[in-house]
Every structure is written in structure tokens, then in C-alpha cells.
Amino acid sequence: MSLVNPHGGGPLKPLLLEGEALSAERGRAESLPKVKVSSREKGDIIMLGLGGFTPLDGFMSHADWEGVCDGMKTASGLFWPIPITLSTDEVVADGIKTGSDIALVDPENDEILATMTVTEKCRIDKAHECATVFKTTDLEHPGVKMVMEQGDVNLAGPVKVLSQGGFPEKYGDLFMSPKETRAQFEAMGWSKVAAFQTRNPMHRSHEYLAKVAIETCDGVLIHSLLGNLKPGDIPADVRAKAINTLVDKYFVKNTIIQAGYPLDMRYAGPREALLHAVFRQNYGCSHLIVGRDHAGVGDYYGPFDAHHIFDQIPKGALETQALKIDWTFWCYKCGGMASARTCPHEPGDRLLLSGTKLRKALSEGDDVPAEFSRPEVLEILREYYNNLTEKVEVKLSGHSAK
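Model, not experiment: these values are computed from the prediction. Numbering of residues starts from 1 in each chain and follows the order in which that chain's sequence is written. With pLDDT at 70 or above as the cut-off, local features in this predicted model cover only qualifying residues; side-chain atom pairs require 80 or more to be listed or tallied, and sums for whole chains, interfaces and linings still use all residues. With hydrogens and water set aside, each side-chain value is computed from the structure's full complement of heavy atoms.

(A) Spatial organisation of unusual backbone geometry. Cis geometry is found at the peptide bond from Thr-54 to Pro-55, where omega equals 5°. Helix and strand definitions here come from DSSP, where helices need a minimum of 4 consecutive H or I residues and strands a minimum of 2 consecutive E residues; each element is numbered from the N-terminal end. Tracing the backbone shows Pro-55 in the loop between helix 2 (39-50) and strand 2 (58-59). With phi around 65°, Asn-254 is a residue other than glycine that occupies positive phi space. Its place among the elements puts Asn-254 in the loop between helix 10 (236-250) and strand 10 (256-261).

Below, the structure written as C-alpha cells:
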């Protein structure tokens, strides 16, 4: 058995230059007009560099944007669920000629991240993108807010990536490329690999999901988001330490690999679940664990909309399949973790778990039941919260409040 193919059926397509080509392009980039990108666009550039967005060669055209919004496929017919676009304001766009090259600059430190040949300048209907991708135009939705605050002009064209944006230096071995995860899976003899998407430390429900996957797969890639989060979310280094402790003490050896990837959350619910499956296919994963309210926020999506969307896409659009798992919880009558498919007991017998509930309890110094999180994990998280100089209020809303 071999690993799944990269998305699109061809080889991985990392756009990060190396060696002499990198040095030469960095030198050339210094003389190009500079365009500062957003945090979300920076993550997309780095993902393009790694080959995580194989087979894309850069930022999408208007025809690609329209096809992805309305039918989840690019102008060439490639399945893709969320637009990968670059925007700027009208003044900057007016100074760029179609066909010319620009340098794309890190928003934090002005490092040149990539060069881009601008093949098209266009305006898009941002409200239409929000309505199709996020199923809402409510500015309280963080993904909608992000899109509506983008520049008014989209720039399309291929990119040459020149940097990994400081992620390897900041996260070390946790930051892995698709080429590296695939090599590690092959070295371990894995072909059936489930990805577990997380922006939270793993509580007992997450642990249960991963162990269910291990029962039917060779192993699980715990794949943590390393890009920007919402205020109140737990930073990646603390999350990684907590997950490593959990894996060391409560999982069989050589069944888990932990890695991270550079994207910001879009909170696009079902559409983002599909994007997670697309790039997990590039990382070599045959399955994506999809639980309750995957990549959701508030109550904008039904708890299992991300399950249903995998049944609605064209057959063969993805090799990576959804491993759908129902609502999970601690059942006091069962005496352990269970799901709505396996537990016959009443809601009053169940302790419903969520990352938001855990963060709220920890931020307020409340007791956390042992049924909610392992004590070794809680110790790490409590230390983090105790050292915070500024407390962030965590509000329960939507499915996480139940």
C-alpha cells in the first residue's frame, strides 16, 4: 500500500526556491515594487512554498475566484473549496502594471516572502464571497470580517516563494512540510493515516477521537494550526507541550506524529473542513477526522454540516476521506468516553466537552473535572494561565456552550 497522491494527481508542487535560484531571486526582489500582505496571505504564501496547496502555482484569478465561490472548482476544473487570493488597496493597485513583477512583504518585519508576476487586477464582490464560503455576511463572524476588511483589488498570478516566514526558527521540528510528513509516514510503514486538526490543546474528547482513528488506521497526524487565532486561544508552543505530554503518557508508541502548519484560521466551517482535507492529502493523509462543528465558530453552522458537505462534493474530487465521528462526551453511566452513536443514556448523564469550555474554566481559575482533561495536561495549561499578565474573557456561544 502507498500513500494517497497529492491533490490534482501529480507530484507535490512546492514553490519555495532553493540554492542559487533562491539567492538570485532574493537579489532581484530588492528592486521590485513592494506590496505588504496580510497575516492570512502570509500563511497562504508559506503554504504555497511548502507544496501544501499543490497544485496551485499562486494566487487565483477572477475566473478561479468565481468558480471556487460558486462551484468549488477553479477555471481549469480543479476541485478547490475556498478562494486563495491576494488583495491590495486601489492606490497600490493603480501603480502596478499587469504583466509586471512585485515583491510580497511580511506584514510584521518587511521581509520579502515571495515575488509575483501580476497577470490580472480585478475587483471582487466580497459580500458574495462571504455568502458562498461562510454562509453569512455577518461582520461578527471572524472570517467575514477578515474578507470584508481586505483591499478592494485582487492581484492574481504565479509566485516564487523566498521565505518560510520564521516558522522553522520559531517552531523547530514541529514545523513540517508535506515532503517531510510523507517521508516520515513511509519510514514508519504507514499508508492509512488520519489527520487530526486542532487549534486547541487536546482534552479527553480529542484524545478519544484520535484513538478511534488509530483503531482503523496505521497512525494519526496531530496537525496543529500555527498561524493566527482568536483572542483567548492558547498559543502553539503551549499547545504542543500539552499534546506531547498527552501522547507520551496515554498513547501507544509510534501511533502519533505531531506537526504544525502555517495557516491562519478562516472559521469557514464546512468549506474549511474541505480545505483541511485538500491540504492533508498533500501531507500524505488518507483520512481527516471530522467531529462536531469542525472549523466552526459561534452557531453559524450546524454541528454536523462539515460531515454532510463531504457527501455533496463530486465523486473523486478528493482522495482524502472524512472519518466522521459523532458528538463525543464523558458518560457517567457508561463510565467513560462515548459518542451519541454508542451511548444510550440521557443528556443529564453526559459531560459535554469543548475547547472553549476548557479555556473558559482555566481563564477563570475554576476547577476542571478529571473527566474533562488529563491532569498532566491541566498542569501545563494552568501554568500558562497563571503567568498571563492580561486576562482574556472567553465567552461560550453556539455549540460549545451546550
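(B) Looking closely at the pattern of salt bridges. Any Lys or Arg side-chain nitrogen found within 4 Å of a carboxyl oxygen on Asp or Glu counts as a salt bridge. For the coordinates displayed, the defined rule picks out 14 salt bridges. Linking Asp-44 and Arg-40 is a salt bridge whose minimum nitrogen-to-oxygen distance equals 2.8 Å. In this pair, Asp-44 and Arg-40 both sit in helix 2, 4 residues apart, roughly one turn of the helix. Throughout, exposure labels follow a simple rule: accessible area from a 1.4 Å probe, protein chains only, divided by the maximum for the residue type, with under 20% read as buried, over 50% as exposed, and the rest as partly exposed. For Arg-40, a relative accessible area of 5% gives the class buried. Between Lys-126 and Asp-152 there is a salt bridge, with the nearest N and O atoms lying 3.3 Å from each other. Of this pair, Lys-126 sits in helix 5 (residues 126-133) while Asp-152 sits in the loop between helix 6 (142-148) and strand 7 (153-161), placing them 26 residues apart in sequence. One network of salt bridges, in which partners are shared, links Arg-40, Glu-41, Asp-44 and Arg-266.

(C) Quick peek at the sheet that holds strand 15 (residues 350-352). With antiparallel pairing, the 3 strands of this open sheet are ordered in space as 14-13-15. Looking at which strands have only one partner, the edges of the open sheet turn out to be strand 14 (336-339) and strand 15. Each strand of the sheet is rotated relative to its neighbour by a mean of 40°, with strand direction disregarded. Contacts were defined at the residue level, with two residues in contact if any of their heavy atoms lie within 4.5 Å. The axes used here are C-alpha line fits, helices contributing only the stretch in contact, and every angle between their N-to-C directions lies in the interval 0 to 180 degrees. Where helix 9 (residues 204-216) meets the sheet, its contacts fall on strand 13 (328-331) and strand 14, and the angle it forms with strand 14 comes to roughly 70°. At least two bridges found by DSSP between two strands is the condition for calling them paired.

(D) Summary view of the nonpolar core. Residues Phe-53, Phe-59, Trp-80, Leu-104 and Phe-310 are the most contacted members of the largest nonpolar core, which totals 83 residues. In terms of residue count, the dominant contributor to this core is helix 11 (residues 270-283) (7 residues). For Trp-80, the contacting residues outside a window of four places in its chain are His-7, Phe-53, Thr-54, Pro-55, Leu-56, Met-60, Val-68, Met-72, Lys-73, Thr-74, Leu-275 and Val-278. Joining through side-chain atoms within 4.5 Å is the link that ties buried Ala, Val, Leu, Ile, Met, Phe, Trp, Tyr and Cys residues into a set, and such a set is a nonpolar core. Formed by 36 residues, the second largest nonpolar core is a distinct cluster that contains Phe-196, Ile-222, Leu-353 and Leu-362.

(E) Spatial organisation of the state of the cysteines. In this description, a disulfide is simply a cysteine sulfur pair whose atoms lie within 2.5 Å. Summed over the entire model, instances satisfying the criterion amount to 0 disulfides. Of the cysteine sulfurs around Cys-130, a residue in no disulfide, the closest is that of Cys-69, at 8.9 Å. With no disulfide of its own, Cys-217 has Cys-285 as its nearest cysteine by sulfur position, at a separation of 9.4 Å.

(F) Structural view of the sheet that holds strand 12 (residues 321-324). Taking strand neighbours across the sheet as the criterion, the 5 strands line up as 10-9-8-11-12 in an open arrangement whose pairing is parallel. Because the sheet does not close on itself, it has two edges, and the strands there are strand 10 and strand 12. Each adjacent strand pair in this sheet contributes to an overall mean axis angle of 30°, direction not counted. Where strand 8 (residues 193-198) meets strand 9 (residues 219-225), 6 bridges bridge the pair, whose relative direction is parallel. Residue Ala-194 lies in a different strand from strand 9, and its bridge partner there is Val-220.

(G) Helix 1 (residues 19-29), seen in detail. Where helix 1 is concerned, the buried positions are Leu-22, Glu-25 and Ala-29. The arc that holds the buried residues of helix 1, viewed along the axis, is 75°, so those residues lie on one side. Set apart from the buried face of helix 1 by more than 90 degrees, the exposed residues are Glu-20, Ser-23 and Ala-24. Residues of helix 1 that are buried sit in contact with strand 1 (34-36), strand 4 (101-105), strand 5 (112-117) and strand 7. Note that the arc is computed from the directions linking the helix axis to the C-beta atoms.

(H) Representation of the side chain of His-307. Relative to the elements of secondary structure, His-307 occurs in helix 12 (residues 305-308). Two N or O atoms count as a polar contact when they lie within 3.5 Å, although within protein this holds only if one can serve as hydrogen donor and the other as acceptor, and sequence-adjacent residues are included solely when both atoms are side-chain atoms. At a separation of 3.5 Å, a polar atom in the side chain of His-307 contacts the main-chain carbonyl oxygen of Ile-325. Not counting residues within four places of it along the chain, the set of residues in contact with His-307 comprises Val-290, Gly-291, Lys-324, Ile-325 and Asp-326.

(I) Molecular detail of the packing of aromatic side chains. Each Phe, Tyr or Trp ring (for Trp, its six-membered ring) is paired with any other whose centre lies within 6.5 Å, and the angle between the two planes then decides the class: stacked below 30 degrees, edge-to-face above 60, tilted in between. Here the structure, examined in full by the defined rule, presents 8 aromatic pairs. Seen from their ring centres, Phe-53 and Trp-80 are 5.6 Å apart, and the 85° between their planes marks the pair as edge-to-face. Of this pair, Phe-53 sits in the loop between helix 2 and strand 2 while Trp-80 sits in the loop between helix 3 (62-71) and strand 3 (86-88), and the two are 27 residues apart along the sequence. Here the two residues Phe-53 and Trp-80 agree in accessibility, since each one is buried. Here Tyr-261 and Phe-279 contribute two aromatic rings whose centre-to-centre distance is 4.9 Å and whose plane-to-plane angle is 50°, an arrangement assigned as tilted. With Tyr-261 in strand 10 and Phe-279 in helix 11, the pair connects residues that are 18 residues apart, well separated along the chain. Judged by relative accessible area, Tyr-261 falls into the buried class, the value being 1%. Owing to a relative accessible area of 0%, Phe-279 belongs among the buried residues under this scheme. By definition, being over a ring means that NZ of Lys or CZ of Arg is both within 6 Å of the ring centre and within 35 degrees of the ring normal. The ring centre of Trp-327 lies 4.9 Å from the NZ or CZ of Arg-292, which sits over that ring.

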